[in-house]
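Secondary and tertiary structure notes
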Amino acid sequence: MARIIYVNGRYSPYSQASIHVEDRGFQFADGVYEVCFIHNRVIVDLDGHLDRLDRSLGELRMAPPMSRPALIHVMNETLRRNKIRNGYTYLQVTRGAAPRAFSFPGDDIGSSLICMARPHDEKKNNALAKKGINALTVPDIRWARRDIKSISLLPQMLASQTALDQGCAEALLVEDDGFITEGSHSNAWMVDHDNRLLTRRADNSILRGRTREVVAATIIELGLKLEERAFSVDEALAAKEVFVTSTTALLMPVVQIDGKQIGAGVPGDISNKLRQLICDAYGM
Ligand code: PDD
């Protein structure tokens, strides 16, 4: 079956889909995106993702590509045409195609919209979560508006590849002061020896992850202590548990950072419990 992608009003096989060479996403990374998790053909936390998309668009003074019901229709239609039961959908909105100029094009230039969907092996992800992953610390060289889910991902991509080259599944991004901001494509968490859960406050220094929000709410429901503050690499190395959260990984325990074992070197009880509760909340 040919995979189908939605591009600016058309559903086509990838081989026939095209985007204008002067699309501002292509030339300036002038766009934003969302990744949503699909379980049993249902888009999980859809409103949360679309609210964040609206926020990212607003911060960049970009017009929404279409109404929310129309966008949801495109997403569901892309899933249907690709026969996705469990997987992801990726939405990308750019400022559209216009002659290359640093200033914004006029209002007559409509934004570009892409929607694609991919299947995902939930069993593989669950098996990885049982073992936990290794992480590598990498300097955070990004801009100051990491709260915007921008398609400009060069620093994250380089960090991710550096980690992968050293056998690590995620890079933990670290500022000059030694504090972790987040993962290259996830939010970072630790559990201290008083069972307090720490994650960085969602200001401009990190992306306010949707999974982060779900995990934070679950922590509060469980009556555990949540502290939204930055923690350092040294604190993470001395932590009882460390984990990262994202739409694609859900909650992934980190059992080693920079080759040093975290806690008992296996996923901890709190990480396991939270992951289970997220899976339950997502109907998995
Ligand atoms: N990335 N921080 C960064 C820098 C991210 O790129 C992501 C997700 C997150 C977690 O956000 P959420 O829980 O909403 O997925 C945090 C996605 C999955 C990606 O780029 O593929």
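Everything here concerns the structure above.
Residues numbered from 1 in each chain as written. Predicted model: local features only at pLDDT ≥ 70, side-chain atom pairs only at ≥ 80, totals over all residues. Heavy atoms only, no water.

1. Here we look at the pairing of strand E1 (residues 4-7)
- Every second residue of E1 is oriented toward a common face, with Ile 4 and Tyr 6 on one face and Ile 5 and Val 7 on the other, all of them buried.
- Count of turn residues in the E1/strand E2 (residues 10-13) antiparallel hairpin: two residues, of which Asn 8 carries a positive phi of about 45°.
- With two bridges joining them, E1 and strand E6 (residues 112-119) adopt antiparallel strand pairing. Within E6, the position partnered with Val 7 by the bridge is Ile 114. (Buried < 20%, exposed > 50% of the residue type's maximum accessible area, 1.4 Å probe, protein only. Helix = DSSP H or I, 4+ residues; strand = E, 2+ residues; numbered from the N terminus. Pairing = 2+ DSSP bridges.)

2. Looking at the layout of surface pockets
- Considering only enclosed or pocket space, the largest pocket measures out at about 1300 Å³ in volume.
- Considering the residues around the largest pocket, the lining is formed by 47 residues, among which Tyr 33, His 185, Ser 186, Ser 246 and Thr 248 are closest to the centre.
- Per-class residue counts for the lining of the largest pocket are 19 nonpolar, 18 polar and 10 charged.
- Split by domain, the lining of the largest pocket shows at least three residues from each of two domains, domain 1 (4-120) and domain 2 (125-281).
- Here the second largest pocket defines a volume of roughly 220 Å³. (1 Å grid on protein atoms, 1.4 Å probe; cavity = no way out; pocket = protein on both sides within 12 Å on 5 of 7 lines; lining within 4 Å. Points joined across faces, edges and corners; volume = space filled by probe spheres on them. Nonpolar A, V, L, I, M, F, W, Y, C, P; charged D, E, K, R; others polar. Domains from an automatic or database assignment.)

3. Brief notes about empty space enclosed by the protein
- Throughout the structure, instances matching the rule amount to three cavities of 30 Å³ or more.
- Taken as a whole, the largest cavity holds about 50 Å³ of empty space.
- Lys 240, Glu 241, Val 242, Pro 253, Val 254, Val 255, Ile 262, Val 266, Pro 267, Gly 268 and Ser 271 are the residues that line the largest cavity.
- Going through the elements one at a time, strand E13 (241-246) and strand E14 (250-257) are the ones with two or more residues in the lining of the largest cavity.

4. What about the site of the ligand?
- Within the structure, the ligand sits among 19 residues, and Tyr 33, Glu 182, Arg 210, Thr 211 and Thr 247 are positioned closest to it.
- The contact in question runs from an oxygen atom of the ligand to an N or O atom on the backbone of Arg 210, over 2.8 Å.
- A majority-of-atoms criterion places the ligand in the largest pocket.
- For the shell around the ligand, the elements supplying multiple residues, two or more each, are strand E3 (31-39), strand E9 (180-183), helix H6 (210-221) and E13.
- Partitioned by chemical class, the residues of the shell around the ligand number three nonpolar, 11 polar and five charged. (Near = heavy atom within 4 Å. Polar contact = N/O pair within 3.5 Å; in protein donor to acceptor, adjacent residues only side chain to side chain. Sits in = over half its atoms within 2 Å of the grid points.)

5. So, helix H3 (residues 68-81)
- The terminal C-alpha atoms of H3, which comprises 14 residues, lie 20 Å apart, in line with the 20 Å expected from a rise of 1.5 Å per residue.
- Every buried residue of H3 is accounted for by Leu 71, Val 74, Met 75, Glu 77, Thr 78 and Leu 79.
- Phi turns positive, to about 50°, at Lys 83, one or two residues after H3. (Expected span 1.5 Å × (residues − 1).)

6. Details of the side chain of Ser 205
- The residue Ser 205 is located in the loop between strand E11 (196-199) and H6 in this model.
- In terms of polar contacts, Ser 205 uses its side chain to reach the side chain of Arg 200, at 2.9 Å.
- Of note is the side chain of Ser 205, whose polar atom sits 2.6 Å from the side chain of Asp 203.
- Excluding its chain neighbours within four sequence positions, the residues that come into contact with Ser 205 are Arg 142, Arg 146, Thr 181, Glu 182 and Arg 200. (Contact = heavy atoms within 4.5 Å.)

Shape descriptors only; they carry no functional weight alone.
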